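# Structural overview for review
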Amino acid sequence: MSYRKLGIVLSIAALAVSSGMVWAQVGEDPKLESRRHALADGEAKEPFKVFDNLYFIGIEYVSSWILTTSDGLIMFDALFEHEEYGDYLLDNMRKLGFDPADLRYIIITQGHLDHYGQARMLQDLTGAVVGSGLGDWGLIMERMGDAGPRRDWVIEHGDTLTLGDTTISFEITPGH
């Protein structure tokens, strides 16, 4: 594996873990509960390039990422379920010069609502394939039922995704 690919894999893994740890902190503070129901003042962040072909399009305390490839876009996590978060993700993609129609995959890194809330809307809009681990699909179905994203792909330990010039390897890490 090249250093570039290893760096991308490690960065995405670290970012997914760090955003999940922030969710636990937000969920534990009742005063912050309302922040999960609407895009609050100060919550929005300008999207930016992290490095190479990885871009941040998330909010203040929950991450969402775009990985560009020669054959389309891969999104990691899709924020909360409220409509304004969908508009926010689409706007941030466009601010970076990306066309949402180029979205090919949405990878849900864990089964908490702040990671998949807009996946169904994006799936319906773009036809993107949505993937997550089996245990996380269970949590998604428990929370959203038929309103959640369609289960296109159950990602298993060791699976890979190749899109254009980019290959991603998946490691299932149970827990938060």
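In this report, we go over the structure that sits alongside the text. (Residues numbered from 1 in each chain as written. Predicted model: local features only at pLDDT ≥ 70, side-chain atom pairs only at ≥ 80, totals over all residues. Heavy atoms only, no water.)

### Digging into the pairing of strand β9 (residues 166-169)
Taken residue by residue, a regular strand's side chains alternate between the two faces of the sheet. Of the two faces of β9, only the one carrying Thr166 and Ile168 is buried; Thr167 and Ser169 on the other face are not. With four bridges joining them, strand β8 (residues 160-163) and β9 adopt antiparallel strand pairing. Across the sheet, residue Thr162 finds its bridge partner in β9, namely Thr167. The hairpin formed by β8 and β9 contains two residues between the paired strands, and Gly164 there has a positive phi angle of roughly 60°. (Buried < 20%, exposed > 50% of the residue type's maximum accessible area, 1.4 Å probe, protein only. Helix = DSSP H or I, 4+ residues; strand = E, 2+ residues; numbered from the N terminus. Pairing = 2+ DSSP bridges.)

### Thoughts on the pattern of salt bridges
Oppositely charged side chains are able to pair whenever their charged atoms sit close together. Tallying each qualifying case throughout the model produces four salt bridges. In this structure, the salt-bridge partner of Arg150 is Asp124, at a minimum N-O distance of 2.7 Å. Highlighted residues: Arg150 in the loop between α5 (134-144) and β7 (153-155) and Asp124 in helix α4 (residues 119-126), separated in sequence by 26 residues. Classification of Arg150 as partly exposed rests on a relative accessible area of 37%. The exposure class of Asp124 is partly exposed, given its relative accessible area of 48%. A network of salt bridges, in which partner residues are shared, links Arg120, Asp124 and Arg150. (Salt bridge = Lys/Arg side-chain N within 4 Å of Asp/Glu carboxyl O.)

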